[in-house]
Every structure is written in structure tokens, then in C-alpha cells.
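# Architecture and fold: a report
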Amino acid sequence: MKKSLESAQETIAIQKEIGPLPIPFYNELHVYRLISSMKNNGRLSDFVTDYLEPVIQHDAKKNTQLLHTLKVFLKWSGAKRETAKELYISRQTLYHRLKQLAGLLGDDFMSPPKRLALELAVYAYEFLGGTTEKTIQPAPRDG
């Protein structure tokens, strides 16, 4: 009973952060369970900073959309055609952005362990109130 109550409370707390879920059940929180735990331990902002800071700073300084490009590229598991289509850009433009991302994140940014960490960091960044689209802003800090 206690675990059920805690799960329900965590589900409600996470939905307050990310908005209502289509299926509001604890077992549908997926990555947000880990993100919530990291936030509660005070480690979430540092994690986001460790993985995304170069991209966030570049976007802010140069008014680019590399973080959004990264998010979409990860969403499509590195599929360039689908990424370019969703971003409404040519594949050549995408290749240029990917080269910039590799320069900021390292050439290995699509290696499985690093890719997973980057994808988690993107979700965490948005969980903390950051946006990957249009308006560029620095990563929020968790309290």
C-alpha cells in the first residue's frame, strides 16, 4: 500500500513538471522516473551541464538550433533523411549541423553509451524547463 501511494505521488509530481501524460500511470513514466530521482538527489542540473553545456552555449551565442537538431537526430536514432525532413532542412545543412555537434560533443557522440546519456540529458533539460525549440535559453538549475 505504501509503495502504491508513493508511486501515485511521484506520478503526480512528475506530471506537474512535464504536463499531463496521455496514460497517467507510474509504469508509463519511463525515463522520467530516473530524471525525477536525479533531481531529488540534486544531480540533474550537473548532468545536463556535463553533457549539453557546449551545445546550449553555442546556440545562445550564435543563435543556432543545434540542441533541437540533436534532439530530432536522437529521436530518429541517427537517421539523416528523417531528421532533415522533420527539421525542414536539406541533408547538406543537416551534415553541417552534425559536424558542428561532433565538434562540440566529440566525434563519438553517437556511440551507444554517450548517445544514451545525451538523450537522457535532453529529456532532463526539458524536464527542468529548458526548451530545445525556437527560443534559446540557458539550462535551468534545480534547487
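Look up: the structure comes first, before these words.
Residues numbered from 1 in each chain as written. Predicted model: local features only at pLDDT ≥ 70, side-chain atom pairs only at ≥ 80, totals over all residues. Heavy atoms only, no water.

Here we take up the overall build of the protein chain. In terms of regular secondary structure, the protein chain is built from seven helices and zero strands. Mapped in sequence order, the helices and strands of the protein chain form the string α-α-α-α-α-α-α. The burial tally for the protein chain puts 38% of its 143 residues in the buried class. Partitioning the contacts of the protein chain with sequence separation of at least 6, the portion at a separation of at least 24 is 55%. (Helix = DSSP H or I, 4+ residues; strand = E, 2+ residues; numbered from the N terminus. Buried < 20%, exposed > 50% of the residue type's maximum accessible area, 1.4 Å probe, protein only. Contact = heavy atoms within 4.5 Å.)

For the structure shown, the criterion picks out four salt bridges. The salt bridge involving D108 is made with K114; its shortest N-O contact spans 2.9 Å. (Salt bridge = Lys/Arg side-chain N within 4 Å of Asp/Glu carboxyl O.)

Helix length check: helix 6 (residues 91–105), at 15 residues, gives a terminal C-alpha distance of 20 Å against a target of 21 Å (1.5 Å per residue), a fit within 8%. Looking only at helix 6, the buried set comprises L94, R97, L98, L101, A102 and L105. In an axial view of helix 6, the angular spread of the buried residues amounts to 145 degrees, which keeps them on one side of the axis. Within helix 6, the exposed residues directed more than 90 degrees away from the buried face are Q92, K99 and G103. As for helix 6, its buried residues are in contact with helix 3 (44–62), helix 4 (66–75), helix 5 (80–87) and helix 7 (112–127). Immediately beyond the C-terminal end of helix 6, within one or two residues, lies G106, with a positive phi of roughly 105 degrees. (Expected span 1.5 Å × (residues − 1). Arc of directions from axis to C-beta.)

Okay, the packing of helix 4 against helix 6 next. The geometry of helix 4 relative to helix 6 is characterised by a closest axis approach of 10 Å and an angle of 100 degrees between their N-to-C directions. Regarding the angle of helix 4 to helix 6, the classification is roughly perpendicular. Facing helix 4, whose interface residues are L66, T69, L70 and F73, helix 6 presents L94, R97, L98, Q100, L101, L104 and L105. (Axes fitted to C-alpha atoms, helices over the stretch in contact; angles between N-to-C directions. Parallel < 35°, antiparallel > 145°, perpendicular 65-115°, else oblique.)

Relative to the helices and strands, T69 is located in helix 4. Through-space distance from the C-alpha of T69 to that of T132 is 8.5 Å; in sequence the pair is 63 residues apart. In contact with T69, not counting residues within four places along its chain, are T83, L87, L94, R97 and L101.

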